[in-house]
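Coordinate inspection notes
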Amino acid sequence: MATIKTSLNRRSFLKTSALAGGGLMLSFSWLAGCKPSPERALSLPDEWLDLNGFIKIANNGLVTIMSPNPEGGQNIKTAFPMIVADELDVDWKNVVVEQAPLDTEKYTRQFIGGSQAIRQGWKSLRMAGATARYVLKEAAAKAWGVPSGEIITEAGLIYHKASGKQAGYGEMAAAAVSIPVPEEVALKAQKDFKIIGTSRKNVDAKKIVTGQPLFGIDHKKEGMLIAMVVHPPAFGLKLKSVDDSAARAMPGIVDVFPIKNMQDNYQRQFFDTCAFTELVAVVGKSTWEVMNARKALKVEWEPFSDYSETRDNGTRLFPAGLENSAGHREQMAKKAGKTVKVLRKDGDPEKAFKNAAKVIERTYTAPFLAHNCMEPMNFFADVTADGATLVGPLQKPEFTEKTVSARLGIPLEKIDIQMTRLGGGFGRRSYAHWLVEAAVISDKVKAPVKLVYSREDDMTSGIYRPTYQATYRAALDAENNLIGFHVNGGGIPESCIYANRFPAGAVDNYLAEDWVLDSNITTGSFRAPRSNFIAAAEQSFLDEVAEAAGKDPIDFRLELLERAKNTPVGDNNDYDAERYAGVLQLAKEKSNWGEKKAGVHRGVSAYFCHNSYAANVLDLVFENGNARVEKVTCAIDCGIVVNPDAAANLAEGATVDGVGTAMFGAFTFKDGVPEKTNFDKYRMIRTKEAPKVIDVHFVKNDIDPTGMGEPAYPPVFAALANALYQATGKRMYDQPFAPALEELSRSRI
């Protein structure tokens, strides 16, 4: 068995026999005690000691595990406890899982982001379970007077075969509290996993399908009021004045007033992005009454001047003016040809392009995108003289807690943020300004309040995926070898370039440059930030270069990866060429690449991000003149797969999401005004347009788990673009693809 030094020392390994009937509590920075749900095989113990920061084993063998990270559909609430339960060697049906509250003293990285939850917690979670199993075995050995090396465990039971003795974990829990904690703990070998690597149902599945309250929008409290806000109709405007007389006179309205969610002198944290800080709040007894009162407001807005926003990661300029999507592309094109920043330079790319027999140059663009979470933005707040209770869906509670503390002047220890399940996130709920707004409103009206955004509120107030542009150039010699590669990319208001990713390290002469344009449109994280665009551009371009070189697109990529593996250029390449090639080879095998089918057009793409590798082969057909994705074969290397069905589900969701966004996703502005306010204008993929088959395969290895929520998303765009080229003969350079297909269809009529 593998051995790893535990971070649980005598002091932090808090033990107590205070549980009714005897029990064991293990202090652990990723887990916390709870009051369990009764939906389990064992009956409940008479009493639970309600403490935070523990794995709890009751006298009847029931184990309670708290999952500290927010659950937004990535299935972390099931995966975390699976890891602990496997090392503990307990029967999964006797495990109770509950959502932990925010507690920055007990937990680290208690948020969703970067597909890092399992990767960051893997060893610590395993140590928690393994250490508990160790002391239980030692307690049994001491009680039976036998060597501990002869003790074995299985499914929550302890055995000594030679004597025939056995006991449940609950029977030994009280005795285990006196066992010294070891400096090192033996972890299971991968071959001995019984829960990890097996598919387990989502622990909230029954509650979800039966409509039980899990989401923030479900939360209610006696005497709770409903609040909504009004923000400027355009980016570049701010509040001037409000006439609320008519609204105040309407039925059910309690109060109307302007609010400021963040003070001017506040130095924002990374996730404190917020376009509109001066709003008008309407508070009433019901959502319908509040919505009607908002329509009766007479609000005046005025342009703002240039201003800077200082955050803990730097300063960003917000220029005055009303922006237009029509001008953004022209601005990006001009910027790309002027001041740029060299991020990486290998060899002599200028000479390579000068001496090239063939040069290929292509430019790719992508628009702003809205997140459109299924559950609208909402948060409950009850601010009193004693503190603040906040309940709802958000991705970064430990950051937002500090913002609330600074805004209201309430000490952190008096702020209680309770996390509900997220009805969608993908970055949008990282920027929880609506939580702060709810707290400010509750503080003003001295009552519990639920703030609710309409779909229109959310879509027109940010946060958006930035708009991007990237220009690629490739230099080929007379034998069609790739001798030079140049990428120049940027966006509004951030760059899209990852300078050290493939094909960096695979080409002797390589140049990566970037640039940015300032904007007053607020942007932020979107599923697989930056990668969601640059993967599409890079992998579409590589397909075109492969064609120019007269090579199969998969073979072309594999040749480059072989070079990066055997004789890499530079020593700062952030991918493993062998693992990268592995997913391409697996996708090639599982899709029967090279097999020709009448009417089926195929595209391939592969990408590395969030510590994982993914490759897609997409099969496209045309029916009645419309493109339809018949099948997507997806190969992923994310290390050890904790819950295969859940991981496959993430890949399937990413694939559907990617196809829809690539085909239809676009958000535009005219004079600062968002032109799309709801789904009647913002086109989303429909059920009939989803791929008929999504075939997911995982590379099997013993590498510690890496990301899964985001890596399967970026490759989808280019796989679709490359398949569309095979079908139509037209390359897709601008997202979304649907307008180009419509234009092509019209030209052929």
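Because the structure is predicted, anything quoted here is derived from the model rather than measured. (Residues numbered from 1 in each chain as written. Predicted model: local features only at pLDDT ≥ 70, side-chain atom pairs only at ≥ 80, totals over all residues. Heavy atoms only, no water.)

1. A look at helix α13 (residues 553-566)
An ideal rise of 1.5 Å per residue puts 20 Å on 14 residues; α13 measures up with 20 Å between its terminal C-alpha atoms. Every buried residue of α13 is accounted for by Pro 553, Ile 554, Phe 556, Arg 557, Leu 558, Leu 560, Leu 561 and Ala 564. Looking at the buried side of α13, the elements it contacts are β26 (482-492), α12 (531-548), α14 (577-590), β28 (601-609) and α16 (714-728). Where α13 begins, one side-chain oxygen reaches toward the backbone nitrogen of Ile 554, 2.9 Å away; that side chain belongs to Asp 552. (Helix = DSSP H or I, 4+ residues; strand = E, 2+ residues; numbered from the N terminus. Expected span 1.5 Å × (residues − 1). Buried < 20%, exposed > 50% of the residue type's maximum accessible area, 1.4 Å probe, protein only. Contact = heavy atoms within 4.5 Å. Polar contact = N/O pair within 3.5 Å; in protein donor to acceptor, adjacent residues only side chain to side chain.)

2. Focus on the sheet that holds strand β29 (residues 612-623)
Here 4 strands make up an open sheet; going across it, the order is β28-β29-β30-β33 and the pairing mixed. On the outer flanks of this sheet lie β28 and β33 (693-698), each paired with one strand and no other. Adjacent strand axes in the sheet meet at a mean angle of 15° when their direction is disregarded. Bridge count between strand β30 (residues 626-637) and β33: 6 bridges; the pairing is parallel. Bridged to Val 632 within β33 is Ile 694. Of the strands in this sheet, β29, β30 and β33 touch helix α15 (residues 644-664), which is tilted by about 130° from β33. (Pairing = 2+ DSSP bridges. Axes fitted to C-alpha atoms, helices over the stretch in contact; angles between N-to-C directions.)

3. Some remarks on the confidence of the model for the protein
A residue-level look at the protein finds 93% of positions with pLDDT of 70 or above and a mean pLDDT of 90. Note that residues 28-41 has pLDDT below 50 and, in this model, 71 contacts with residues that lie over four places away or in other chains. Every residue in residues 46-53 scores below 50 in pLDDT, and together they form 30 contacts with partners more than four places removed in sequence or on other chains. (pLDDT = per-residue confidence, 0-100.)

4. Here's the deal with the packing of aromatic side chains
Under the defined criterion, the tally for this structure stands at 28 aromatic pairs. Ring pairs connect the aromatic residues Phe 235, Phe 276, Phe 368, Tyr 464, Phe 667, Phe 669 and Tyr 682, which therefore count as one cluster. Between Arg 501 and the ring centre of Tyr 498, over which it is positioned, the NZ or CZ distance is 3.6 Å. Between Arg 530 and the ring centre of Tyr 498, over which it is positioned, the NZ or CZ distance is 4.0 Å. (Phe/Tyr/Trp six-rings, centres within 6.5 Å; stacked < 30°, edge-to-face > 60°. Lys NZ or Arg CZ within 6 Å of the ring centre and 35° of its normal.)

5. Thoughts on the environment of Pro 674
If you trace the backbone, Pro 674 turns up in strand β32 (residues 673-674). Here the alpha-carbon distance between Pro 674 and His 486, two residues 188 residues apart in the chain, equals 34 Å. Beyond its immediate stretch of four places on either side in the chain, Pro 674 contacts Pro 233, Phe 235, Thr 460, Tyr 464, Phe 667, Thr 668 and Phe 669.

6. A few points about the packing of α13 against α14
One way to put it is that α13 packs onto α14 with a least axis distance of 9 Å and a crossing angle of 160°. Here α13 lies roughly antiparallel to α14, going by the angle between them. Here α13 runs over α14; the crossing is left-handed. Here α13 contributes Ile 554, Asp 555, Arg 557, Leu 558, Leu 561, Ala 564 and Lys 565 to the contact with α14, which in turn contributes Ala 577, Glu 578, Tyr 580, Ala 581, Leu 584, Gln 585 and Lys 588. Partitioning the contact of α13 with α14 into residue classes produces 8 nonpolar, 1 polar and 5 charged. (Parallel < 35°, antiparallel > 145°, perpendicular 65-115°, else oblique. Left-handed = near helix turned anticlockwise from the far one by under 90°. Nonpolar A, V, L, I, M, F, W, Y, C, P; charged D, E, K, R; others polar.)

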